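Take a look at the letters that make up each chain.
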Amino acid sequence: MSGGGVWLIGQSRAELELSARSWTKSHCGVFAAARGARPYAACVPAEKFAIAHVTPYPWEAQENEVNAYVGRVASELSQRGHRVLVLAPSRSQERVQASRKELRAARGAPESLLEGTDRGTPAVIAVGEVLDVPAGTRRRATGLTIDVARTVEELLTTVPLDFVHVHEPFAPSTSNAALRHSRALNVGSFHAPTERLLSTLVARRFVESFFGRLDARTASLPATVELMARHFPGDYQLIEDDDQAADALEAIYHRLAARRHTSSGDPELERRLAERPLIDVDLHMHTDHSSDCATPVEVLLATAHTQGLGAIAVTDHNEISGALEARAQAEEAGVKVIVAEEVKTAGQGEVIGLFIEEKIPRGLSMQETVAEIRRQGGLVYVPHPFDRMHSVPDYEHLLTILDEVDAIEVFNPRVAIGAFNEEAARFAAKYRILAGAGSDSHVAQGLGSVRIRMRDFDGPQEFLQSLRDADILTRPSSLLYVQALKFLQTKATPAGARQASRARRVKRVKRAPPRRRRS
């Protein structure tokens, strides 16, 4: 099938036994290898999840096939010990008011909404009152009301969920809003096999990009698989609406959860770092060793000290000489320097190597670049990962290196559209990747506009442990101002004038009294 794939449920006994053995003992119960057994009944995982199933249809419409499916699967997962919420619009004003009262009561402890939902009865939360649009109709759906969208946003950004499972997540709908605001792993299920889905093709590219947030896709009918894969390419797992559906979904949840990074650190390092002072760190900046920056190393270090930064990562484009020069002057400047490089890969975006010692050539594949960072004992840091105005790894390529990523830049003040930073924060949260931030400064005036407050560290391992408990601090800054300064200092200034300006700026810095790094 062009542009998509199909995963079919059903395996031979040999394949089934091999699949069962691949589960670790901590995730499996006793495997019954009876002939004819279905693959997803083979393993009874011990890990339990917090899951929200979201339907776009009023919950009172139980004759609706999607709602019936959601109700059946949610109940089965709850019986297995998972904590399950069902989010749905409602025709009943009373039901909506009761749900909102419950939400208000839980604002101080949002996890309380999940209590008792692992005993066979999921909690149904009516997120808002809407008009019913019957399944299969060709009538254009009305826009989602603001109160529904806000309720979904509040719930999904506060309740600690492992999965948000959206059904028919086309706009405008509760499912679409849930996918927009989710900070959990996302599964999308598609049910309708008709061409009514073509109505979304008006914004086909946007829908394709939006569906990139889905970590897994399922379809309940072969015709739905064909339709979705044709118009919105991706891998769609066929899960028929039968008594094995919950088994299949549970297997998907465990497969996705296994990709999350560990949330535990090194207790010994944590105790050691607790005695260290807090410092402010900027993890992304450039010197005049980058072609698009005119800031001398001396000026960068002096500005970092003035801004109260205890450590900086010098991340010149495809060059390490500026970082090495900065580290050589770090003791005198009173600022710790992490030697780093922002490397442009072969059409797969940029990646930063922190704590490296040798220049990494541009133009390697993403995997080759990451391997070189690792060879040098460095850390893999992904800058501005979803900013379409930068050279960024797309969702597909980012997932291929997910296990190797040490941290993700979740805030960059040079990102013109705030939604790109928000997308990075969501991605880091759902995969439990450490969050970083940096000014991405190309002019000294932008340095420290965002900073990380963390315990002082020595070396990459202490840095990672310190980053686990760090706080990201931002302050108002003008993107237009710093971009204008960058233009004036680089493209608008002739080469000879830039050299003269550089000499004057360095001379002023050297006139200042020497500084020692603060403890």
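Refer to the structure printed above.
Rules used throughout
Residues numbered from 1 in each chain as written. Predicted model: local features only at pLDDT ≥ 70, side-chain atom pairs only at ≥ 80, totals over all residues. Heavy atoms only, no water. Helix = DSSP H or I, 4+ residues; strand = E, 2+ residues; numbered from the N terminus. Buried < 20%, exposed > 50% of the residue type's maximum accessible area, 1.4 Å probe, protein only. Contact = heavy atoms within 4.5 Å. Phe/Tyr/Trp six-rings, centres within 6.5 Å; stacked < 30°, edge-to-face > 60°. Lys NZ or Arg CZ within 6 Å of the ring centre and 35° of its normal. Core = buried A, V, L, I, M, F, W, Y, C linked by side-chain atoms within 4.5 Å. Axes fitted to C-alpha atoms, helices over the stretch in contact; angles between N-to-C directions. Parallel < 35°, antiparallel > 145°, perpendicular 65-115°, else oblique. Left-handed = near helix turned anticlockwise from the far one by under 90°. Nonpolar A, V, L, I, M, F, W, Y, C, P; charged D, E, K, R; others polar. Pairing = 2+ DSSP bridges. Right-handed = clockwise from strand over helix to strand, strands pointing away. Patch = residues over 30% accessible without salt bridge, like charges linked within 9 Å, V, L, I, M, F, W, Y side chains within 5 Å. Areas by Shrake-Rupley, 256 points an atom, 1.4 Å probe, with all protein chains shown as cover. Salt bridge = Lys/Arg side-chain N within 4 Å of Asp/Glu carboxyl O. Lys, Arg positive; Asp, Glu negative; His and termini not counted. Charge placed at Lys NZ, Arg CZ, Asp CG, Glu CD.

> I would appreciate a short explanation of the overall build of the protein in the present structure.
Of the regular secondary structure elements, the protein holds 18 helices and 17 strands. Across the 519 residues of the protein, 52% fall into the buried class. Across the protein, contacts joining residues at least 24 apart in sequence account for 72% of those joining residues at least 6 apart.

> Any chance you could explain the packing of aromatic side chains here in plain terms?
Two aromatic rings are characterised by how far apart their centres lie and by the angle between their planes. Evaluated as defined, the whole model comprises 13 aromatic pairs. Ring geometry for F355 and F457: centres 6.4 Å apart, planes at 75 degrees, overall edge-to-face. Taken as a pair, F355 in the loop between strand 12 (350–354) and helix 13 (366–375) and F457 in the loop between strand 16 (450–455) and helix 16 (459–468) lie far apart in primary sequence, 102 residues in all. With respect to class, F355 is no different from F457; both count as buried. Plain terms: the ring middles of F457 and F463 are 5.2 Å apart, the flat faces sit at 75 degrees to each other, and that makes the pair edge-to-face. A relative accessible area of 1% places F457 in the buried class. Members of the aromatic cluster, each reached through a chain of ring pairs, are F170, F190, F211, F232 and Y236. A cation sits over an aromatic face here: K336 above F457, 4.8 Å from the ring centre.

> Any chance you could explain the nonpolar core here in plain terms?
General note: in soluble globular proteins, nonpolar side chains tend to be found buried as a group. In terms of nonpolar packing, the biggest core is built from 67 residues, with F163, Y253, I312, I408, F427, Y431 and I433 touching the most fellow members. In terms of residue count, the dominant contributor to this core is helix 8 (residues 245–257) (eight residues). Among the nonpolar cores identified, the runner-up in size contains 38 residues, and V130, V164, F210 and F211 belong to it.

> What is the right way to look at the packing of helix 2 (residues 65–79) against helix 8 in this model?
To describe two helices that pack against each other, one gives the angle between their axes and the distance between the axes. Packing of helix 2 against helix 8 leaves a shortest axis separation of 9 Å and a crossing angle of 65 degrees. In terms of axis orientation, helix 2 runs roughly perpendicular to helix 8. For helix 2 against helix 8, the interelement crossing comes out right-handed. Contacts between helix 2 and helix 8 involve Y69, V73, E76 and L77 from the first element and A245, A246, L249, E250 and Y253 from the second. Among the residues forming the contact of helix 2 with helix 8, the class breakdown is seven nonpolar, no polar and two charged.

> Just to check I follow, could you spell out the packing of helix 10 (residues 297–306) against helix 11 (residues 321–328) for this structure?
Where helix 10 meets helix 11, the axes come as close as 10 Å, and the angle between the chain directions of the two elements is 55 degrees. Classed by the angle they form, the pair helix 10 and helix 11 counts as oblique. The two elements helix 10 and helix 11 meet at a crossing, and its hand is right-handed. Packed against helix 10, whose contacting residues are V297, E298 and L301, the element helix 11 presents G322, E325 and A326 at the interface.

> Help me out: how do you make sense of the sheet that holds strand 14 (residues 407–411) in this one?
Consider a sheet: its strands pair through backbone hydrogen bonds, and that pairing is either parallel or antiparallel. The sheet built from nine strands is open, its strands ordered 15-14-13-12-11-10-9-16-17 with mixed pairing. The open sheet has two free edges, formed respectively by strand 15 (434–437) and strand 17 (471–474), since each of these has just one partner strand. Sheet twist, expressed as the mean angle between neighbouring strand axes with direction ignored, is 30 degrees. One ladder, built from four bridges, connects strand 14 with strand 15; its direction is parallel. Following the sheet pairing, F411 is matched in strand 15 by A437. Here helix 16 sits on the sheet in contact with strand 11 (336–344), strand 12, strand 13 (379–382), strand 14, strand 15 and strand 16, set at roughly 105 degrees to strand 16.

> I would appreciate a short explanation of the pairing of strand 7 (residues 216–219) in the present structure.
The side chains of a regular strand alternate, residue by residue, between the two faces of the sheet. Burial along strand 7 is two-sided: A216 and T218 facing one way and R217 and A219 facing the other are all buried. Summarising the sheet, strand 6 (residues 185–190) and strand 7 pair through four bridges and their orientation is parallel. Across the sheet, the residue bridging to G188 is R217, located in strand 7. Here strand 7 runs beside strand 8 (residues 235–238); their pairing, made up of three bridges, is parallel. Bridging from a neighbouring strand, R217 pairs with Y236 of strand 8.

> Mind showing me how you'd approach the pairing of strand 6 here?
Counted residue by residue, strand 6 has six buried out of six residues, so it is predominantly covered. Neither face of strand 6 is exposed, since L185, V187 and S189 on one face and N186, G188 and F190 on the opposite face are all buried. Viewed along the sheet, the connection from strand 5 (residues 163–167) through helix 5 (residues 174–181) into strand 6 turns out right-handed.

> Explanation requested: a negative patch on the surface in the structure shown.
Together, D266, E270, D469 and D471 make up a negatively charged patch on the protein surface. Tracing the chain through its elements places D471 in strand 17. Residue classification places D471 among the partly exposed residues on the basis of a relative accessible area of 47%.

> Would you mind showing me how to read the pattern of salt bridges here?
Any two side chains of opposite charge can pair, on the condition that their charged atoms come close. Applying the stated criterion to the full structure yields 27 salt bridges. Its salt-bridge partner being R432, residue D162 comes within 3.5 Å of it at the nearest N-O pair. Placement of the pair is D162 in the loop between helix 4 (146–158) and strand 5 and R432 in the loop between helix 15 (418–431) and strand 15, with a sequence separation of 270 residues. What makes D162 buried here is its relative accessible area of 12%. The exposure class of R432 is partly exposed, given its relative accessible area of 36%. The partner of R451 in a salt bridge is D280, with the nearest N and O atoms 3.2 Å apart. Of this pair, R451 sits in strand 16 while D280 sits in strand 9 (residues 278–282); the two residues are 171 residues apart in sequence, bridging distant segments of the chain.

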